[in-house]
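Single-letter residue listing:
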Amino acid sequence: MAKMNFGGVEENVVTREEFPLSKAQEVLKDEIIAVIGYGVQGPGQSMNLRDNGFNVIVGQRKESKTWDKAVTDGWVPGETLFEIEEACERATIIQYLLSDAAQIALWDTVKKHLTPGKALYFSHGFGITYKERTGIIPPADVDVILVAPKGSGTSLRRMFLEGRGLNSSYAIFQDATGKAYDRVVALGIGVGSGYLFETDFKREVFSDLTGERGTLMGAIQGLLLAQYEVLRENGHTPSEAFNETVEELTQSLMPLFAEKGMDWMYANCSTTAQRGALDWMGPFHDATKPVFEKLYKEVANGNEAQRSIDSNSQPDYRVKLEEELRALRESEMWQTGAVVRKLRPENN
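Residues numbered from 1 in each chain as written. Predicted model: local features only at pLDDT ≥ 70, side-chain atom pairs only at ≥ 80, totals over all residues. Heavy atoms only, no water.

### Describing the pattern of salt bridges
Then, in step 1: Applying the stated criterion across every chain, the model contains 21 salt bridges.
Then, in step 2: Within this structure, Glu212, Arg213, Glu298, Glu304 and Arg307 form a network of salt bridges that share partners. (Salt bridge = Lys/Arg side-chain N within 4 Å of Asp/Glu carboxyl O.)

### Digging into the domain arrangement of the protein chain
Then, in step 1: You can read the domains of the protein chain as domain 1 (2–199) and domain 2 (211–347).
Then, in step 2: Taking only C-alpha atoms, the centre of domain 1 and the centre of domain 2 are 30 Å apart.
Then, in step 3: Opposite the six residues of domain 1 that make contact, domain 2 presents eight residues.
Then, in step 4: Taken together, the two surfaces of domain 1 and domain 2 that pack against each other cover about 600 Å², and 63% of this comes from carbon and sulfur.
Then, in step 5: Joining domain 1 to domain 2, the criterion identifies zero salt bridges.
Then, in step 6: There are three residue pairs in polar contact (both at pLDDT 80 or more) connecting domain 1 and domain 2.
Then, in step 7: For the side of domain 1 that touches domain 2, the secondary-structure elements that each account for two or more residues are α5 (100–111) and α7 (131–134). (Domains from an automatic or database assignment. Contact = heavy atoms within 4.5 Å. Buried area = accessible area lost by both parts, 1.4 Å probe. Polar contact = N/O pair within 3.5 Å; in protein donor to acceptor, adjacent residues only side chain to side chain. Helix = DSSP H or I, 4+ residues; strand = E, 2+ residues; numbered from the N terminus.)

### Some words on the pairing of strand β7 (residues 119–122)
Then, in step 1: The two faces of β7 match: Ala119 and Tyr121 on one face and Leu120 and Phe122 on the other face are all buried.
Then, in step 2: As defined by bridge partners, strand β6 (residues 93–96) adjoins β7 across three bridges and the pair is classed as parallel. Across the sheet, residue Ile93 finds its bridge partner in β7, namely Ala119.
Then, in step 3: Handedness of the crossover joining β6 and β7 through α5 is recorded here as right-handed.
Then, in step 4: In the sheet, β7 pairs with strand β8 (residues 143–149) via four bridges, with the strands oriented parallel. By the bridge assignment, Phe122 is partnered in β8 with Leu146. (Buried < 20%, exposed > 50% of the residue type's maximum accessible area, 1.4 Å probe, protein only. Pairing = 2+ DSSP bridges. Right-handed = clockwise from strand over helix to strand, strands pointing away.)

### Structural notes on the nonpolar core
Generally speaking, nonpolar side chains in soluble globular proteins are found buried as a group.
Then, in step 1: Trp75 and Tyr121 are the most contacted members of the largest nonpolar core, which totals 34 residues.
Then, in step 2: If one sorts the elements of this core by residue count, helix α9 (residues 180–190) sits on top with six residues.
Then, in step 3: Setting aside chain neighbours within four positions, we find Tyr121 in contact with Gln45, Ile93, Ile94, Gln95, Tyr96, Leu97, Ile145, Val147, Leu187 and Val191.
Then, in step 4: Ile57, Val110, Leu146 and Ala171 belong to the second-largest nonpolar core, a separate cluster that totals 26 residues. (Core = buried A, V, L, I, M, F, W, Y, C linked by side-chain atoms within 4.5 Å.)

### As for the pairing of strand β2 (residues 9–15)
Then, in step 1: The pairing of strand β1 (residues 2–6) with β2 spans five bridges and is classified as antiparallel. Following the sheet pairing, Phe6 is matched in β2 by Val9.
Then, in step 2: Linking two consecutive strands that pair antiparallel, namely β1 and β2, is a turn of two residues; a positive phi of about 60° is found at Gly7 within it.
Then, in step 3: Note that β2 and strand β10 (residues 193–198) share three bridges and pair antiparallel. When the sheet's bridge partners are listed, Val14 is paired in β10 with Leu196.

### Overview of the environment of Leu120
Then, in step 1: In this fold, Leu120 is placed in strand β7.
Then, in step 2: For Leu120, a relative accessible area of 0% translates into the label buried.
Then, in step 3: Distance in space between the C-alpha atoms of Leu120 and Leu146 is 8.4 Å, their sequence separation being 26 residues.
Then, in step 4: Not counting residues within four places of it along the chain, the set of residues in contact with Leu120 comprises Ile94, Tyr96, Trp107, Leu114, Pro138, Asp143, Val144 and Ile145.

### A word on the environment of Gly211
Then, in step 1: Relative to the elements of secondary structure, Gly211 occurs in helix α10 (residues 201–213).
Then, in step 2: Since its relative accessible area comes to 14%, Gly211 is described here as buried.
Then, in step 3: Sequence separation between Gly211 and Tyr296 is 85 residues; the distance between their C-alpha atoms is 9.5 Å.
Then, in step 4: The residues contacting Gly211, other than those within four sequence positions of it, are Leu216 and Met217.

Printed below as a string of C-alpha cells:
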C-alpha cells in the first residue's frame, strides 16, 4: 500500500505494479470464488477473474434469462455454473453481487453457508451500512470485504478486454482471518481494477448513492433536459438542441477533460467559450449545491436507502420501472439522440 497525494490530501492506494496479478494469483490459489448473481456486476467481474486464471464459479437461479446468459458466456452447468445455494456451499469466497433488494431476500440462504474462515465480498456498501434495515449481519468468524469498481460491470469488462483497468475502491468491514487485506486487494486486481483506493463501507455507499443520484445519472439528466427544453422553447430544432446539449458534451468535450482535466479543456476551447464557462460556473454551482446538500442528508439519514428498499421490494417494481424508462426512452430528446447516434461516421 502506497501513500499518494490527491490535492494536498494523502490517501492509501494500491497499484498493479505494487500488487501484480501474479501475487494476486498466489494469494488466492487455494480459494474457490463464487460470484452470486449475474446482473450488473456479475458478468464482468466473473469473466475477468476467470480470464485472469482464478478458480471461479457462478451461482444463479436456473430457468432464468441470466442463467442462459451465463451459459452463453461460457459457464458450464454442473462444472462452473450452479444454483445459488450450491455455489455458496462450494465457495471459500462468496461475491454477493445481487441487487440490494435481492440481497435482502436471499440473505438467510447465503448466511447459512458462511462457515468460519470464509469471506463475504460486496461491491456496494448498502447491505452492511444499513444492516438494521436490511437484516444483513454477517457472522463474526468470516471476513467481510468490498471492492467497488467505479463504473458498470459492462465498462469493467470492456476496459479489461482493451487492456485497461477501471479504478475501484476497497474496504474491510471485518477481518476474522487476518487475511482480509490480501484477499480484498487480490480480488480487486483480479476483477480488473486499474488501481485501488481505500474507503470504508459507509463512505462507499454514501458517495455512491450521492453520485448516482447526482452528477453520474440523476443530475446530469436533469441538467441536459433543462437546457434542451430552453433551446426548443426558443425555436431551435431538435437536432440542434440535442447536438448543443448532449452530442458535443459526450463526443468532444468529455474526452478532453477526462484526459487532462477541466482547466486543460477550458484552455483548448475558444476564448468566448472560456469566458462564458468561467462566468457561469458560479451561478450553476450556487443553484445546485443546496440540492446536493439535501441529497447527501437524505442518504446519510437512511431515508434514501429506505425508499429504495420499499420501492424495489414491490412485486410490480419491474413493471413500474419499465414504464418510467420507456417514458425516458420515448422523450423527444432521446428519440432525437437515437437518430443522431445513427448519423455518427462510425455507424455509416
